[in-house]
Amino acid sequence: MTMKAILSDKARPELGQATVPFPIPDSEYDHTIELLEDMGIGSPTAQDCRVDELDSEYPILNRLTAQSVNVDELDFLAKRLDSFCQGESEKFQAMASKLCLSDIKDFINLTFCCQRATVITDFSDLEQIGKAHVLTVSGESMPTEVFERMDYHAVALDLIQRGAGTVTPYGVAYGNGMELEQLYDGCHFPAHLHKMPQLMIEVKSGLEGETTGYLYLPCPDKQLQRTLARAGSGPEGYRMEIAMDGLPPQVSAVVSLTRDGLEDLNALCRAIEPLDTEQREKLDAVVLLARPQYASEVRQLAENLDQFDFVPRPSNPDTDCALTELGYVVYHGSLTLDELMMDDPAEQYRQEMGGLA
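Being a predicted model, the structure only gives us computed values, none of them experimental.

Peer 1: I would appreciate a short explanation of the overall build of the protein in the present structure.
Peer 2: Counting secondary structure elements, the protein contains 14 helices and 13 strands. Against the compact-globule benchmark of 21 Å for 357 residues, the protein has a radius of gyration of 26 Å, which places it well outside the compact range. Its C-alpha atoms put the protein at 85 × 65 × 40 Å along the principal axes. Expressed as a percentage of its 357 residues, the buried residues of the protein come to 46%. A fraction of 66% describes how many contacts in the protein between residues 6 or more apart in sequence connect residues 24 or more apart. Accessible surface computed for the protein: about 18,100 Å², of which carbon and sulfur atoms make up 48%. Across the protein, the centroid of the 28 positively charged side chains sits 5 Å from that of the 60 negatively charged ones.

The structure is reproduced here in structure tokens:
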């Protein structure tokens, strides 16, 4: 957890407060949104959540207190900060202080560019200061032979003596020409991988197909429609493209954005996410055996993998099983494969047993 906020409705404080951790855990997202909606706040697009208190490892974010923000803005900001490497938190806070930032939109945009700044918190090691500064301004792409020949003590002295630094509570900040780019326009979040998704879907809207949002599957159910609401819809509606595919290869060959609904794709990704490497390979072989046509059918196979045996390499040619290009697959369930891939195979089984449990 990067931060915890106490939120309320500025116009109707009598409705109470909600304490929300950020980033919001996927398992708590739907419940959290329902809690906020019961208070009349939590819109997917409006800044309707007043920040009454903010408990964070980033003191600079206390500037958001008493402001009204959008809950997904807070969530996105927390995810960006959660992905920071060592040293980036100091750069973020020092540059926010140097630039006098206090708006959540600016905070979000700063997370994408603060890495270009140099911040000195300890002046005792000029050699290390010089190395850190050179790596920062070069984007860590300097040839090794050049890097090894530089006089970093002199680099640090030159940086300090030029007097371009700004003293902040978080260190002396040097912008190095950094500009606060408007990657977040106040509505459409730029791409950000907080964790590796099974599917990353790019949402496009408008006549020219402008990218207006991203879906990272699996995600909480409510996040699907909230993301689409924030993305907006042009005259021709939404267009979606798969921007990143982490599904097993045979599963990827089955799924289709035009044929499968988002809810089905999300449920499929949720079923596949916990599978390890061996289970994913097994699922690929089962897909070759069963030949499903829809994401919902693949999900049923993924959720019933224990009803199949899989041998990656031939070990006993006499075994009663089916050979796929990935290995041998044995199905030992009581239903046919077509029945197993139905939305409710258990109900089909009960019907065949005459209604008996």
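Right, picking up where we left off after that structure.
Peer 1: Is there a simple way to explain unusual backbone geometry in this structure?
Peer 2: With glycine set apart, most residues show a phi of negative sign, and most peptide bonds adopt trans. Between Phe22 and the following residue, Pro23, the backbone shows a cis peptide bond with an omega angle of -5°. If you trace the backbone, Pro23 turns up in the loop between β2 (17-22) and α1 (26-38). In this chain, Leu217 is followed by Pro218 through a cis amide linkage whose omega measures 5°. With respect to the element layout, Pro218 can be found in the loop between β9 (210-217) and α8 (221-231). A positive phi angle, close to 60°, is found at Cys100, a residue other than glycine. Its place among the elements puts Cys100 in the loop between α3 (88-98) and α4 (104-110).

Peer 1: How do you make sense of the side chain of Thr32 when you look at a structure like this?
Peer 2: Take Thr32: it is sitting in helix α1. Among the residues examined, Thr32 registers a relative accessible area of 7% and is labelled buried. Beyond its immediate stretch of four places on either side in the chain, Thr32 contacts Val20 and Ile24.

Peer 1: Is there a simple way to explain the nonpolar core in this structure?
Peer 2: Across soluble globular proteins, you tend to see nonpolar side chains buried next to one another. The biggest cluster of nonpolar side chains holds 45 residues, and the ones touching the most others in it are Phe22, Leu61, Leu74 and Phe92. Elements with a contribution of two residues or more to this core: β1 (3-8), β2, α1, β3 (49-56), α2 (71-82), α3 and α4. No other element matches α2, which puts six residues into this core. With residues near it in sequence (within four places) discarded, Leu61 still touches Met3, Leu54, Ser56, Leu77, Leu81, Phe92 and Phe107.

Peer 1: Would you explain α8 in this entry?
Peer 2: Residue pairs three or four apart in sequence face the same way in an α-helix, which turns once every 3.6 residues. Restricting attention to buried positions, one finds in α8 the residues Gln223, Leu224, Arg226, Thr227, Leu228, Arg230 and Ala231. Looking at the buried residues of α8, the elements they touch are α1, α2, β8 (199-205), β9, β10 (238-245) and α10 (262-272). Immediately downstream of α8, the backbone of Gly232 shows phi near 80°, a positive value.

Peer 1: Explanation requested: the sheet that holds β8 in the structure shown.
Peer 2: The strands that make up a sheet are held in pairs by hydrogen bonds between backbone atoms, and each pair lies either parallel or antiparallel. An order of β9-β8-β10 is seen for the three strands of this open sheet, with the pairing classed as antiparallel. In the strand order of this sheet, the two ends are held by β9 and β10, each with one partner. Neighbouring strand axes in the sheet, compared pairwise and without regard to direction, differ in orientation by 25° on average. Here α8 sits on the sheet and contacts β8, β9 and β10; the angle it forms with β9, its principal contact strand, is near 170°. Packing of α10 onto the sheet brings it into contact with β8, β9 and β10, and relative to β9 it is tilted by some 40°.

Peer 1: How should the packing of aromatic side chains be read in this particular structure?
Peer 2: Note on aromatic pairs: each is described by the distance of the centres and the angle between the planes. Throughout the structure, instances matching the rule amount to nine aromatic pairs. When the centroid spacing of 6.5 Å and the interplanar angle of 25° are considered together, the rings of Tyr214 and Tyr216 count as stacked. Accessibility expressed as a relative area gives 23% for Tyr216, which makes it partly exposed. It is Arg80 that lies over the ring of Phe112; its NZ or CZ is 3.8 Å from the centre.

Peer 1: When you look at a negative patch on the surface in this model, what are you seeing that I'm missing?
Peer 2: A cluster of acidic residues, Asp122, Asp125, Glu127 and Asp151, forms a negative patch at the surface. For Asp125, a relative accessible area of 39% gives the class partly exposed.

Peer 1: Would you mind showing me how to read the packing of α1 against α8 here?
Peer 2: Helix-helix packing is described using two parameters, namely the angle between the two axes and the distance between the axes. Where α1 contacts α8, the two axes come as close as 7 Å, and the packing angle between them is 60°. For the pair α1 and α8, the contacting residues are Tyr29, Asp30, Ile33, Glu34 and Glu37 in the first and Asp221, Lys222, Gln223 and Arg226 in the second. Partitioning the contact of α1 with α8 into residue classes produces two nonpolar, one polar and six charged.

Peer 1: Before we go on, may I ask you to explain the pattern of salt bridges in this structure?
Peer 2: A side chain with one charge can pair with a side chain of the opposite charge if their charged atoms come near. The tally for this structure, following the rule as stated, stands at twelve salt bridges. With its nearest N and O atoms 3.1 Å apart, the salt bridge here joins Asp158 to Arg162. Among the residues examined, Arg162 registers a relative accessible area of 51% and is labelled exposed. Its salt-bridge partner being Arg270, residue Asp221 comes within 3.2 Å of it at the nearest N-O pair. Here Arg270 lies in helix α10 and Asp221 lies in helix α8, a separation of 49 residues in the sequence. Asp221 sits in the partly exposed class, given a relative accessible area of 45%.

Cut-offs and rules
Residues numbered from 1 in each chain as written. Predicted model: local features only at pLDDT ≥ 70, side-chain atom pairs only at ≥ 80, totals over all residues. Heavy atoms only, no water. Helix = DSSP H or I, 4+ residues; strand = E, 2+ residues; numbered from the N terminus. Rg over C-alpha atoms; globule rule 2.2 N^0.38 Å. Buried < 20%, exposed > 50% of the residue type's maximum accessible area, 1.4 Å probe, protein only. Contact = heavy atoms within 4.5 Å. Areas by Shrake-Rupley, 256 points an atom, 1.4 Å probe, with all protein chains shown as cover. Lys, Arg positive; Asp, Glu negative; His and termini not counted. Charge placed at Lys NZ, Arg CZ, Asp CG, Glu CD. Core = buried A, V, L, I, M, F, W, Y, C linked by side-chain atoms within 4.5 Å. Pairing = 2+ DSSP bridges. Axes fitted to C-alpha atoms, helices over the stretch in contact; angles between N-to-C directions. Phe/Tyr/Trp six-rings, centres within 6.5 Å; stacked < 30°, edge-to-face > 60°. Lys NZ or Arg CZ within 6 Å of the ring centre and 35° of its normal. Patch = residues over 30% accessible without salt bridge, like charges linked within 9 Å, V, L, I, M, F, W, Y side chains within 5 Å. Salt bridge = Lys/Arg side-chain N within 4 Å of Asp/Glu carboxyl O. Nonpolar A, V, L, I, M, F, W, Y, C, P; charged D, E, K, R; others polar.

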